[in-house]
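If you want the building blocks of each chain, they are given just below.
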Amino acid sequence: MQNPAEIIPEVLPPLLSLVKAIGKGGPAETTLELVGLRVSQINGCTFCVEGHVRNARKAGESDERLFAVSAWREAPCFTDAERAALALAEASTRLSDRSDPVPDDIWNAAAEHFTEKELSALVLSIGLTNLFNRINVTTKQPPGKTW
């Protein structure tokens, strides 16, 4: 199936506007791309994994760090702020994996490193990435295409 956001053409511009607005929320572009990459890895969205890798490289991210995102807990190359953002991304994506989906320790760690506006951007980015993942995985969107 063609992407639903292209079949209903009025849908794509607001989604892309959300991406742009979230990008103005404060966290570094590389942090948002690392978070998007991790969420997309969890959800098995090859289309979005490729897109986040491409965007992260454009923003100056190294291949070493991109390769390490799936094992970020063990990789020494991430800052404490990036680790907090990645932990929040995982918890917010895997909501049904525990009785307290986003425990206070995960939220508080993120709040130590990001302002309320930056946290808002992270939460919105995680949610929007999950939406894109669900659209693309459900309709089997092939990697390689850009909007």
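Residues numbered from 1 in each chain as written. Predicted model: local features only at pLDDT ≥ 70, side-chain atom pairs only at ≥ 80, totals over all residues. Heavy atoms only, no water.

Q: So what's going on with the overall build of the protein chain? Which residues, and what values?
A: When its secondary structure is counted, the protein chain shows 8 helices and 0 strands. When its helices and strands are written in sequence order, the protein chain yields α-α-α-α-α-α-α-α. With the principal axes as the frame, the protein chain shows a C-alpha extent of 40 × 30 × 30 Å. Across the 147 residues that make up the protein chain, the buried fraction comes to 43%. Contacts in the protein chain between residues far apart in sequence, at least 24 positions, make up 67% of those at least 6 positions apart. (Helix = DSSP H or I, 4+ residues; strand = E, 2+ residues; numbered from the N terminus. Buried < 20%, exposed > 50% of the residue type's maximum accessible area, 1.4 Å probe, protein only. Contact = heavy atoms within 4.5 Å.)

Q: Give a description of the packing of helix H6 (residues 80–93) against helix H8 (residues 116–138) that names residues and reports values.
A: For the pair H6 and H8, interaxial distance at closest approach is 10 Å and the crossing angle is 45°. It follows from the interaxial angle that H6 and H8 lie oblique. Of the two possible hands of crossing, H6 and H8 adopt the one that is right-handed. Contact residues: H6 offers Ala-85, Leu-88, Ala-89, Ser-92 and Thr-93, while H8 offers Leu-119, Leu-122, Val-123, Ile-126, Asn-130 and Arg-134. Tallied by class, residues from the contact of H6 with H8 come to 7 nonpolar, 3 polar and 1 charged. (Axes fitted to C-alpha atoms, helices over the stretch in contact; angles between N-to-C directions. Parallel < 35°, antiparallel > 145°, perpendicular 65-115°, else oblique. Left-handed = near helix turned anticlockwise from the far one by under 90°. Nonpolar A, V, L, I, M, F, W, Y, C, P; charged D, E, K, R; others polar.)

Q: How would you sum up helix H2 (residues 12–23)? Please name residues and give values.
A: Look at H2: 17 Å from first C-alpha to last across 12 residues, which is about the 16 Å you get at 1.5 Å a residue. If you check which residues of H2 are buried, you get Leu-12, Leu-15 and Ile-22. Looking down the long axis of H2, one finds its buried residues gathered within 95° of arc, a one-sided arrangement. Residues of H2 that are buried sit in contact with helix H1 (4–7), helix H3 (29–43) and H8. (Expected span 1.5 Å × (residues − 1). Arc of directions from axis to C-beta.)

Q: Account for unusual backbone geometry, with residues named and values stated.
A: Notably, Lys-140 is not glycine yet its phi reads approximately 55°, a positive angle. Topologically, Lys-140 is positioned in the segment after H8.

Q: I'd like a description of the pattern of salt bridges, backed by residues and values.
A: In this structure the tally under the stated criterion is 7 salt bridges. The salt bridge partner of Asp-63 is Arg-57, with a shortest N-O separation of 2.7 Å. For Asp-63, a relative accessible area of 34% translates into the label partly exposed. Judged by relative accessible area, Arg-57 falls into the partly exposed class, the value being 43%. Here Glu-90 and Arg-73 are joined by a salt bridge, their closest N and O atoms 2.8 Å apart. One end of the pair, Glu-90, is in helix H6; the other, Arg-73, is in the loop between helix H5 (63–68) and H6, with 17 residues separating them in the sequence. A single salt-bridge network, built from bridges that share partners, covers Arg-38, Arg-73 and Glu-90. (Salt bridge = Lys/Arg side-chain N within 4 Å of Asp/Glu carboxyl O.)

Q: Could you give an account of the nonpolar core, with specific residues and numbers?
A: Val-35, Phe-78 and Leu-122 are the most contacted members of the largest nonpolar core, which has 26 residues in total. The contacts of Val-35, once residues within four sequence positions are left out, are Ala-85, Leu-86, Ala-89, Leu-122 and Ile-126. Among the nonpolar cores identified, the runner-up in size contains 10 residues, and Ala-5, Phe-47, Ala-121 and Phe-132 belong to it. (Core = buried A, V, L, I, M, F, W, Y, C linked by side-chain atoms within 4.5 Å.)

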